[in-house]
Amino acid sequence: MHKLECSAMCVFGQNWNPSETVRLTARILAKQKTHPERTDSEKLLSVKEFESHLDKLDNEKKELIQNDISALHHFYSKHMEYPDNEALVVLFAQVNCNGFTIEDEELSHLGSAVFPDVALMNHSCCPNVIVTYKGTVAEVRAVQEIESGDEIFTSYIDLLYPTEDRNDRLKDSYFFTCDCRECITKEKDKDKLKIRKLNEPPSAEAVRDMIKYARNVIEEFRRAKHYKSPSELLEVCERSLDKMGSVFEESNVYMLHMMYQAMGVCLYMQDWEGALRYGQKIIKPYSKHYPLYSLNVASMWLKLGRLYMGLENRTAGVKALKKAIAIMEIAHGKDHPYVIEIKKELEAH
């Protein structure tokens, strides 16, 4: 597929910067032209059959799609043929709704893809399978016992957050509300939104206000990543943790979210001790809030293991890496390159 991009890249040089979604859509269009029949990944569902939810798009989402279409024309115009604008709107809406984010073993972003047959699976906040990636192949493995005739469910979103937040995200990105067991019983919500035990418990209004503040600061931080320096970002994390800590327990998911961001900044700044301190606070509540076999928990054990090893704490490092492997052998499979690589790291130490 690089042939499609190569000549365009040569023309634009350093100014060639279409978004990942635009690049993915351009590749789909090129593939459909060179390979009009169904591909190996479309045995059950073809890209053309993807749900687009076109009727549910608000003006903001429609505008973003038009921006993507403009970028597609701008960066690829001399190098490919396009369907009309209406068909492109449908394709971008389909890609937005059915795309997969590809991540490495530490959940660092690698790219985006569509896997039509895998996209057939519905969502549950108590998934019975996990999707992982090996090169350009998606693999689906069971993480619960699945009886013959049971529906296979994956998770479309990060499951750390409470029911209301999860459903806001599902409505915004996928246009539905989840009615899985977890969403009906909300049994994990109390722990996820744990309030500090104080002599004078905070009022319901104070808790509501702090949840509102937490959601705003998460969004503010997401935007700030594009223009603030690492030290400024760390300051945003520390300030928000300080404020939320007056009402929330450290195991509260909004506290954990900002600790995770702070850990990421510390890793970027190569402040290994700082990253380790945050990771140590995160791992226990993560193990409680996430499902039993979670890539988020595995990647946190892995980061901790590598930090311990780098800081010469071999005993803790071995223990953490073994915890990561135990989850990844189920989620990724024992023969996955990531699992083999981590086992080599253990042997080397």
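The coordinates are above.
Structural notes, computed from the coordinates. (Residues numbered from 1 in each chain as written. Predicted model: local features only at pLDDT ≥ 70, side-chain atom pairs only at ≥ 80, totals over all residues. Heavy atoms only, no water.)

### Notes on the nonpolar core
Soluble globular proteins tend to bury their nonpolar side chains together.
Okay, step 1: The biggest cluster of nonpolar side chains holds 105 residues, and the ones touching the most others in it are Tyr76, Met244 and Phe248.
Okay, step 2: Per-element accounting of this core gives the leading share, 10 residues, to helix H10 (residues 253-268).
Okay, step 3: Among all residues touching Tyr76, those that are not within four sequence positions of it are Leu4, Glu5, Trp16, Pro18, Val22, Arg23, Ala26 and Tyr82. (Core = buried A, V, L, I, M, F, W, Y, C linked by side-chain atoms within 4.5 Å. Buried < 20%, exposed > 50% of the residue type's maximum accessible area, 1.4 Å probe, protein only. Helix = DSSP H or I, 4+ residues; strand = E, 2+ residues; numbered from the N terminus. Contact = heavy atoms within 4.5 Å.)

### Topic: the pairing of strand S1 (residues 100-103)
Look at any regular strand and the pattern is simple: side chains alternate between the two faces of the sheet.
Okay, step 1: On S1, burial follows the alternation: Phe100 and Ile102 on one face are buried, whereas Thr101 and Glu103 on the facing-out side are not.
Okay, step 2: Where S1 folds back onto strand S2 (residues 109-113) in an antiparallel hairpin, the turn is made up of five residues, including Leu107, whose phi is positive at roughly 65 degrees. (Pairing = 2+ DSSP bridges.)

### Overview of the layout of surface pockets
Over the atoms rolls a probe the size of a water molecule, and its path tells where empty space is left.
Okay, step 1: The calculated volume of the second largest pocket comes to roughly 960 Å³.
Okay, step 2: Residue lining of the second largest pocket: 32 residues in total, with Leu24, Arg27, Lys31, Ala113 and Val114 positioned closest to the centre.
Okay, step 3: Among the elements that make up the lining of the second largest pocket, the one with the highest residue count is helix H2 (residues 20-34) (seven residues).
Okay, step 4: The residue makeup of the lining of the second largest pocket, split by class, is 13 nonpolar, nine polar and 10 charged. (1 Å grid on protein atoms, 1.4 Å probe; cavity = no way out; pocket = protein on both sides within 12 Å on 5 of 7 lines; lining within 4 Å. Points joined across faces, edges and corners; volume = space filled by probe spheres on them. Nonpolar A, V, L, I, M, F, W, Y, C, P; charged D, E, K, R; others polar.)

### A short note on the side chain of Lys303
Okay, step 1: Mapped onto the secondary structure, Lys303 falls in helix H12 (residues 295-310).
Okay, step 2: Here Lys303 sits buried without a salt bridge, and the closest side chain of opposite charge, Glu106, lies 5.3 Å off (N-O distance). (Lys, Arg positive; Asp, Glu negative; His and termini not counted. Salt bridge = Lys/Arg side-chain N within 4 Å of Asp/Glu carboxyl O.)

### A short note on the pattern of salt bridges
Okay, step 1: A complete count under the given rule lists 20 salt bridges for this structure.
Okay, step 2: In this structure, the salt-bridge partner of Lys134 is Glu139, at a minimum N-O distance of 3.4 Å.
Okay, step 3: For Lys134, a relative accessible area of 25% gives the class partly exposed.
Okay, step 4: What makes Glu139 buried here is its relative accessible area of 16%.
Okay, step 5: The partner of Arg215 in a salt bridge is Glu164, and the shortest N-O contact between them spans 3.7 Å. Placement of Arg215 in helix H8 (residues 204-224) and of Glu164 in helix H5 (residues 163-174) is noted, with a sequence separation of 51 residues between them.
Okay, step 6: In this structure Arg215 comes out as partly exposed when scored by relative accessible area, which is 30%.
Okay, step 7: What emerges from the salt-bridge pattern is a single network uniting Glu105, Glu106, Arg306 and Glu345.

### With respect to the packing of H8 against H10
Okay, step 1: One way to put it is that H8 packs onto H10 with a least axis distance of 10 Å and a crossing angle of 25 degrees. In terms of orientation, H8 lies roughly parallel with respect to H10. The handedness of the crossing between H8 and H10 comes out as left-handed. Across from Ile211, Ala214, Arg215, Val217, Ile218 and Phe221 in H8, the residues of H10 making contact are Tyr254, His257, Met258, Gln261 and Val265.
Okay, step 2: Residue classes in the contact of H8 with H10 are distributed as eight nonpolar, two polar and one charged. (Axes fitted to C-alpha atoms, helices over the stretch in contact; angles between N-to-C directions. Parallel < 35°, antiparallel > 145°, perpendicular 65-115°, else oblique. Left-handed = near helix turned anticlockwise from the far one by under 90°.)

### Notes on the packing of aromatic side chains
Okay, step 1: Taken as a whole and judged by the stated rule, the model has nine aromatic pairs.
Okay, step 2: Summarising the aromatic geometry, the rings of Phe12 and Phe75 are spaced 5.1 Å apart at their centres and angled 55 degrees between planes, so their arrangement reads as tilted. Taken together, the residues Phe12 in helix H1 (residues 2-12) and Phe75 in helix H3 (residues 59-76) connect sequence positions 63 residues apart.
Okay, step 3: Measuring from centroid to centroid gives 6.1 Å for Phe248 and Tyr254, while their planes differ by 35 degrees, and the two rings are tilted.
Okay, step 4: Among the residues examined, Phe248 registers a relative accessible area of 1% and is labelled buried.
Okay, step 5: Taken together, the ring pairs in this structure connect Phe100, Phe115 and Tyr133 into an aromatic cluster.
Okay, step 6: Above the face of the Tyr213 ring, Lys243 is positioned so that its terminal group lies 4.3 Å from the ring centre. (Phe/Tyr/Trp six-rings, centres within 6.5 Å; stacked < 30°, edge-to-face > 60°. Lys NZ or Arg CZ within 6 Å of the ring centre and 35° of its normal.)

### Quick word on the state of the cysteines
Okay, step 1: Within this structure, the stated rule accounts for zero disulfides.
Okay, step 2: Free of any disulfide, Cys10 has its nearest cysteine sulfur in Cys6, 4.3 Å distant.
Okay, step 3: Take Cys10: its relative accessible area is 60%, and that puts it in the exposed class.
Okay, step 4: Distance from the sulfur of Cys178, which forms no disulfide, to the nearest cysteine sulfur (Cys180) is 3.5 Å. (Disulfide = S-S within 2.5 Å.)

### As for H1
Okay, step 1: Here H1 has its buried residues at Leu4, Glu5 and Ala8. Buried residues of H1 fall within an arc of 70 degrees about the axis and therefore sit on the same side. Residues of H1 that are exposed and point over 90 degrees away from its buried face: Lys3 and Cys10.
Okay, step 2: After H1 finishes, the residue Gly13 shows a positive phi value of roughly 60 degrees. (Arc of directions from axis to C-beta.)

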